[in-house]
Amino acid sequence: MTAKPISSTCCPGITRRSFLLDTGMGFTGLALGAMLFGDGQARAESASAPPDGKPHFPAKAKSVIWIFLCGGVSHVESFDPKPALNKYAGKSIEDTPYKEVLNPEKLKDVLAGNPAHGGRKILMALNTGYKRYGQCGLEVGNWWTHIGSCADDLAVVRSLWTVHNDHGAQLTWHTGRHPREGAYPTVGSWTCYGLGTLNQNLPEYVVLGEPTGDCCGGSWTHGAGYLGPQYAGVRLHVSAKEPLPFVSPPPGVSREEQEAEFSLLGKLNRLAGIDYPDDPALRARIKSYELAFGMQTAVPETLQLEKETEATRKLYGLDQSPMQSFGQLCLVARRLVERGVRFVQIFHGGGGGGAWDAHAGIKQNHGSLSAQVDQPIAGLLKDLKQRGMLDETIVVWGTEFGRSPGAQGDGRDHHPQGFCAWLAGGGIKGGVVHGGTDEIGFHAVHKRHYVTDIHATVLRQLGLDAHQLAIPGRKRLEMDYGQPIEEIMA
């Protein structure tokens, strides 16, 4: 009997490459494949393949906790107090020694500014006092006394500026781009793209709190743009019954049944993925199935704050109602980085333009909101330090812009020309003030830094060179990369 020749079409839809790579891949094989993919050993040969997860040079930090206060915190009443505002309160800027700040040449950095913002000329006195803290003598507003007690661990950058004077600057803070340019990778997504995970059962990039409203960047502020959805932030709802929707198996489905289901789905996805290695949506879907299985145990365990000591819970303010909610987020952030999460992004006051947008009643607004976050953030710094984790964790405190030195009734307007942020831990020098604004806090004038310089500093401490994080065919501007702030790096 003559053997029938094998037809090239006997297995339609399955290529030789698919067959060889997929043979023998059960659920365990899929998990191994995921780990090999993460280690750069089983990636498709592609011009857009991600880095190998290794730092470009020795790292001083492993993880980042990125705290963002939505709406625009007043720099002149937080970490850049300006006594000249008290001296000239009620006077027009034009009638003070600082009238040159209104020179149009000095205002040109802000692109397509909203004419409703930025024209406030009557100076407003400080709405809170301030004093010096620590051996470094850092001046801090009285709304921030708990963080002030950590002054010797902080590097305050007082000379930031950004291009947008409306709340789209929330997106600019995270991507470096003007919001009209659309979605671009965030600093969190670049971190995970460059380094990968330290824990196969938890996302590399976790988002806590209520993010920026859709009006002002929305999910783009914790997205990955063209890097692909697998590098975007994963939202956890800390106090919810189901912190991560659709991860727990439905009622009546056993773990064994779910494992078999994931195995089949993963097998089918990998068959497609081998032939279409450049499909970012498919890669993200495969990763999500594999990660979801591990997260069923890892996420609930991470959120078991009742396992913390009473002293730790009090440190974060969990025993006090004004700060309990945000304190939980800060404590969860510590537990996440403790378990290997690379980038934890904590939002406060999200939704719409942001709760910190104090166009009116700034004294009540900032006084109330700072009472919610001041102690929890300080507690986070102190807890990381006492556990020896601050050495390898960078904490960043930031907001989209400052508030105007001039009054808007009893509030302050948006102010992108000069504002501040601070960093701590992960090889950042403590007790340092870098750069400065002018005497009334209008312009960043000394050692000025665009917001992506913060990004570049964080990436450098993680061992990454921003210029080596690029995708072929995706042009980046020099300002996208930023410049590390060498003066605050140990």
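None of the values given here were measured: they were computed from a predicted structure.

A.B. asks: What am I meant to see in the overall build of the protein here?
C.D. replies: Per the secondary structure count, the protein includes 13 helices and 15 strands. When each of the 490 residues of the protein is scored for burial, the buried share is 54%. Summarising the internal contacts of the protein: among those between residues at least 6 apart in sequence, 79% fall at separations of at least 24. Just so you have it, the protein exposes about 20900 Å², and 53% of that area is on carbon and sulfur atoms.

A.B. asks: Honestly, the nonpolar core in this entry has me stumped. Any pointers?
C.D. replies: Nonpolar side chains tend to gather and get buried jointly when the protein is soluble and globular. Residues I65, I67, W144, L208, I346 and W422 are the most contacted members of the largest nonpolar core, which totals 53 residues. Ranked by the residues each element gives to this core, the list is headed by helix α10 (residues 321–338), at 8 residues. When residues no more than four places from it in sequence are discounted, the contact partners of I67 are F326, I346, I377, L380, V395, V396, W397 and G398. Formed by 46 residues, the second largest nonpolar core is a distinct cluster that contains Y226, F347, F419 and V432.

A.B. asks: Explain empty space enclosed by the protein to me, please; I cannot follow it from the model alone.
C.D. replies: One simple way to see leftover space: roll a probe sized like a water molecule over the atoms. In the structure shown here, the tally under the stated rule is 3 cavities of 30 Å³ or more. Roughly 120 Å³ of volume is contained in the largest cavity. Lining the largest cavity we find 16 residues, and of these T175, P185, W190, R476 and D480 sit closest to its centre. Breaking the lining of the largest cavity down by element, the ones donating at least two residues are α5 (169–175), α6 (187–195), α12 (452–461) and α13 (478–481). Here the element with the most residues in the lining of the largest cavity is α12; it accounts for 3 residues. Roughly 40 Å³ of volume is contained in the second largest cavity. If you go around the second largest cavity, the residues you meet are K106, L107, D109, V110, W161, T162, P416, Q417, H443 and R448.

A.B. asks: Explain the packing of aromatic side chains here, please?
C.D. replies: Note on aromatic pairs: each is described by the distance of the centres and the angle between the planes. Enumeration over the complete set of coordinates arrives at 18 aromatic pairs. With a centroid separation of 5.8 Å and an interplanar angle of 40°, the aromatic rings of W66 and W173 are classed as tilted. Taken together, the residues W66 in strand β1 (residues 63–69) and W173 in helix α5 connect sequence positions 107 residues apart. W173 matches W66 in its accessibility class, with the two residues each being buried. Ring-pair connections join several aromatic residues into one group, and the members of that group are W66, F68, W173, Y205, F343, F347 and F419. When the ring centre of Y184 is taken as origin, the NZ or CZ atom of R177, which lies over that ring, is 4.2 Å away.

A.B. asks: Would you explain the pairing of strand β11 (residues 419–424) in this entry?
C.D. replies: Residues in a regular strand project their side chains so that they alternate between the two faces of the sheet. Most of β11 sits out of view: 6 of its 6 residues are buried. The two faces of β11 match: F419, A421 and L423 on one face and C420, W422 and A424 on the other face are all buried. Pairing analysis gives 5 bridges linking strand β4 (residues 154–161) to β11, with the strands arranged antiparallel. Bridging from a neighbouring strand, L160 pairs with F419 of β11. Bridge count between strand β8 (residues 393–399) and β11: 3 bridges; the pairing is antiparallel. The residue bridging V396 from the neighbouring strand is L423, located in β11.

A.B. asks: In this structure, what is going on with the packing of α10 against helix α11 (residues 362–386)? I would like to understand it.
C.D. replies: In a pair of packed helices, the angle between the axes and the distance between the axes together describe the arrangement. Running from amino to carboxyl end, α10 crosses α11 at an angle of 25°, the nearest separation of the two axes being 8 Å. Between α10 and α11, the angle is such that the two are roughly parallel. Pair α10 / α11 crosses with right-handed handedness. Where α10 approaches α11, its residues P322, M323, F326, G327, C330, L331, R334 and V337 are matched on the opposing element by A371, Q372, V373, Q375, P376, I377, L380, D383 and L384. In the contact of α10 with α11, the residues fall into 12 nonpolar, 3 polar and 2 charged.

A.B. asks: Before we go on, may I ask you to explain the pairing of strand β5 (residues 205–208) in this structure?
C.D. replies: Of the two faces of β5, both are covered, the one formed by Y205 and V207 as well as the one formed by V206 and L208. Where β5 meets strand β7 (residues 343–348), 4 bridges bridge the pair, whose relative direction is parallel. Each residue of the ladder has a partner; that of V207, found in β7, is Q345. Relative to strand β6 (residues 234–236), β5 runs parallel, the two sharing 3 bridges. Note on β6: the bridge partner recorded for V206 is V234.

A.B. asks: Can you walk me through the pattern of salt bridges in this structure?
C.D. replies: Two side chains carrying opposite charge are able to pair once their charged atoms lie near each other. Inspection of every chain in the model, using the stated rule, returns 24 salt bridges. Between K62 and E392 there is a salt bridge whose closest N-O contact spans 3.9 Å. Taken as a pair, K62 in the loop between α2 (27–38) and β1 and E392 in the loop between α11 and β8 lie far apart in primary sequence, 330 residues in all. Between R339 and E301 there is a salt bridge, with its nearest N and O atoms 2.9 Å apart. With R339 in the loop between α10 and β7 and E301 in helix α8 (residues 280–302), the pair connects residues that are 38 residues apart, well separated along the chain. Under the relative-accessibility criterion, E301 is labelled partly exposed at 27%.

What counts and how
Residues numbered from 1 in each chain as written. Predicted model: local features only at pLDDT ≥ 70, side-chain atom pairs only at ≥ 80, totals over all residues. Heavy atoms only, no water. Helix = DSSP H or I, 4+ residues; strand = E, 2+ residues; numbered from the N terminus. Buried < 20%, exposed > 50% of the residue type's maximum accessible area, 1.4 Å probe, protein only. Contact = heavy atoms within 4.5 Å. Areas by Shrake-Rupley, 256 points an atom, 1.4 Å probe, with all protein chains shown as cover. Core = buried A, V, L, I, M, F, W, Y, C linked by side-chain atoms within 4.5 Å. 1 Å grid on protein atoms, 1.4 Å probe; cavity = no way out; pocket = protein on both sides within 12 Å on 5 of 7 lines; lining within 4 Å. Points joined across faces, edges and corners; volume = space filled by probe spheres on them. Phe/Tyr/Trp six-rings, centres within 6.5 Å; stacked < 30°, edge-to-face > 60°. Lys NZ or Arg CZ within 6 Å of the ring centre and 35° of its normal. Pairing = 2+ DSSP bridges. Axes fitted to C-alpha atoms, helices over the stretch in contact; angles between N-to-C directions. Parallel < 35°, antiparallel > 145°, perpendicular 65-115°, else oblique. Left-handed = near helix turned anticlockwise from the far one by under 90°. Nonpolar A, V, L, I, M, F, W, Y, C, P; charged D, E, K, R; others polar. Salt bridge = Lys/Arg side-chain N within 4 Å of Asp/Glu carboxyl O.

Geometry only, nothing functional implied.
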